[in-house]
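A structural walkthrough
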Amino acid sequence: MAPSEGESSEALIAPPLTLETEVNTPPPAFYRAETLAQDELTPLVRLPPQIEGPSFIELLLPADPSPDIEAQGADIPSVASTPAEPIVPPPLIALEITLDWYLNPQHAALLVAREKGMFVRRGLNVTLVSPADPNVPTKLLAAGRTDLALGRQPQLHLLASKGLPLIRVATLIGTPMAGLLLRDPMFNGNGELSLEGVHLGYTDLDGRDILLSRLLANVLTLEKGLELVDAREVHYSARDTMRESVVDGVMINHRFLLPRQLVDEGVASRFLSVEEHGIPHHDGLILMANRDRLNGKREAIRALVAAIEEATLWIVNHPEQAWELLAASEPALDDPATHAAWSHVFPRLSLQPAALDHGRYRGFEQYLLDAGVLDTATPLERLAIDLGALTP
């Protein structure tokens, strides 16, 4: 609309809006000063009329809302009133491992993996069982009465040749741990070892049929009067029989433990390691499965071996913390002899437990054939397996 006579176009333009206007400020022309007295001015500014049409919020809403939404209306909650259902973890897969001996530092990777939750994180519930006799674990495994068993590579070759369905799935210690422990003095005036009239013991069949027999054949001319004490009379009593002079020597698989224990009890001894007396290098501690039952447990065993590898690396990185963990979890290990053995054992743990040395196993099998210990060869694929290989 054009301005009326006496009004300028500037008089119809409203000033900028503010929250309040001082009383003494002259009123703008918008309020037609000629009709309002000076004392009738109010400090509040009158808002402009509301703009006709939909608000900006209405413009953002869909033009044709869903009938379901309109029907439900205020019944749609804005906040969930009940908590979400908890996620139930899958059940753990149970695996039982029968040890080769009572708990000792050679089992460190298994103990650390158990104590640090490395088995559980992989969905495993692992139970470690000490056998009543060193020869029992492989029998239980062959009969399907345990899932896995610890043993030694020479033992595996011997029992596989006898038809037991055993197969190596991991290596915990990749160096020989066995040897002949002899009481002092066992040497004649010329410094030569003399075994005339002595009694020798062993704790297991591979110690008798392979390690002891081959070691003696390599270093001695057998003299008359040499006697062997049956394993059933020695087994776990190797320490007692040596201390009480029941035997003069014993073939053992824990070279760093028993000699120190005997020294602490005042018994001097000499140790002959098998690898320095003609016996090929071999794995000193292995994990075996039942070959006929392997397929049903393959994935669980693969997860188990991965946990053992993780535990082994942690031990090598933190040997003192690892020892403290072992001593705290198994108080029976916390003694001076076992502590002293720890520094010798942990460097021998296999950093790649799944890896298989094909040449080592083939070579040891051939050695036993050439020595007349075995009559027929067992194929490698029936002796050992690498679960990490693409085509095991």
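Described in the following lines is the structure provided in the data block. Throughout this description, residue numbers start from 1 for each chain and increase along the sequence as written. Restriction of local features to residues with pLDDT of at least 70 applies here, the model being predicted, together with a cutoff of 80 or more for giving and counting side-chain atom pairs; totals for whole chains, interfaces and linings are based on all residues. Hydrogens and water molecules were not included; the side-chain quantities draw on all heavy atoms of the structure.

**Considering the overall build of the chain**
- Within the chain, the secondary structure is distributed over 13 helices and ten strands.
- Only protein chains enter the area calculation, which uses a 1.4 Å probe; residues under 20% of their type maximum are buried, those over 50% are exposed, and those in between are partly exposed. With 392 residues in all, the chain has 40% of them scored as buried.
- If you take every contact in the chain between residues at least 6 apart in sequence, the share linking residues at least 24 apart comes to 79%.
- Just so you have it, the chain exposes about 22000 Å², and 54% of that area is on carbon and sulfur atoms. Only DSSP runs of H or I covering at least 4 residues are called helices, and only runs of E covering at least 2 are called strands; the numbering of each starts at the N terminus. Contact criterion: two residues are considered in contact whenever any of their non-hydrogen atoms come within 4.5 Å of each other. Using a 1.4 Å probe, accessible areas were evaluated by the Shrake-Rupley method; residue-level cover was limited to the displayed protein chains.

**Here's the deal with the pattern of salt bridges**
- Throughout this description, the term salt bridge denotes a Lys or Arg side-chain nitrogen within 4 Å of a carboxyl oxygen of Asp or Glu. The final tally for this structure, using the stated rule, is 17 salt bridges.
- Where Glu275 meets Arg255, a salt bridge forms, and the shortest distance between an N and an O atom there is 2.9 Å. In this pair, Glu275 sits in the loop between strand S9 (269–273) and strand S10 (285–290) while Arg255 sits in the loop between strand S8 (249–252) and helix H9 (258–264), placing the two residues 20 residues apart along the sequence.

**A short note on the pairing of strand S3 (residues 148–151)**
- Residues of S3 alternate between two faces, with Leu148 and Leu150 on one and Ala149 and Gly151 on the opposite face, all of them buried.
- Two strands make a pair as long as DSSP finds a minimum of two bridges between them. In terms of strand pairing, strand S1 (residues 93–98) meets S3 through two bridges, oriented parallel. Within the sheet, the bridge partner assigned to Thr98 lies in S3 and is Ala149.
- Note that S3 and S10 share four bridges and pair antiparallel. Directly across from Ala149, in S10, lies its bridge partner Met288.

**Details of the sheet that holds S3**
- Reading across the sheet, the five strands line up as S2-S1-S3-S10-S4 and stay open at both edges, with mixed pairing between neighbours. Bordering the open sheet on either side are strand S2 (124–129) and strand S4 (166–173), each of which pairs with just one other strand. Within the sheet, the average angular offset between the axes of one strand and its neighbour, ignoring direction, is 25°. Axes, fitted as lines to C-alpha atoms, cover a helix only where it is in contact. Angles between the N-to-C directions of the axes lie from 0 to 180 degrees.

**Let's talk about the environment of Ile93**
- Mapped onto the secondary structure, Ile93 falls in strand S1.
- Considered as a pair, Ile93 and Val126 are 33 residues apart in the sequence and their alpha carbons are 8.2 Å apart.
- Not counting residues up to four positions away in its chain, the partners in contact with Ile93 are Gly123, Leu124, Asn125 and Ala300.

**With respect to the environment of Phe271**
- Among the secondary structure elements, Phe271 is positioned in strand S9.
- Exposure remark for Phe271: the relative accessible area of 29% places this residue in the partly exposed category.
- Separated by 90 residues in sequence, Phe271 and Leu181 have C-alpha atoms that sit 4.5 Å apart.
- Residues within four places of Phe271 in sequence aside, it is in contact with Ala178, Gly179, Leu180, Leu181, Ile252 and Arg255.

**Section: the environment of Pro89**
- Within the secondary structure, Pro89 sits in the loop between helix H2 (67–72) and S1.
- Sequence-wise, Pro89 and Gly123 are 34 residues apart; in three dimensions their C-alpha atoms are separated by 9.2 Å.

**Looking at the packing of aromatic side chains**
- By convention, a stacked pair of Phe, Tyr or Trp rings (six-membered ring in the case of Trp) has centres within 6.5 Å and planes under 30 degrees apart, an edge-to-face pair has planes over 60 apart, and any other such pair is tilted. Per the stated rule, a full pass over the model turns up four aromatic pairs.
- On the basis of an interplanar angle of 35° and a centroid distance of 6.4 Å, the ring pair of Trp323 and Trp342 is categorised as tilted. Of the two residues, Trp323 is situated in helix H11 (residues 319–329) and Trp342 in helix H12 (residues 336–345); the sequence distance between them amounts to 19 residues. In this pair, the class of Trp323 matches that of Trp342, namely buried.
- Members of the aromatic cluster, connected to one another through ring pairs, are Trp323, Trp342 and Phe346.
- Directly above the ring of Trp314 sits Lys116, whose terminal nitrogen or CZ lies 4.4 Å from the centroid. Charge-over-ring placement is defined geometrically: NZ (Lys) or CZ (Arg) within 6 Å of the ring centre, and within 35 degrees of the ring normal.

**A short note on the packing of helix H10 (residues 298–317) against H11**
- Two elements in contact, H10 and H11, have axes whose closest approach is 5 Å; the angle formed by their N-to-C orientations is 115°. Taken together, the residues of H11 that come into contact with H10 (itself represented by Trp314, Ile315, Val316 and Asn317) are Pro319, Gln321, Ala322 and Leu325.
- As a working rule, the residues Ala, Val, Leu, Ile, Met, Phe, Trp, Tyr, Cys and Pro are called nonpolar, Asp, Glu, Lys and Arg charged, and the rest polar, with Gly in that last group. Class assignment for the residues of the contact of H10 with H11 results in six nonpolar, two polar and no charged.

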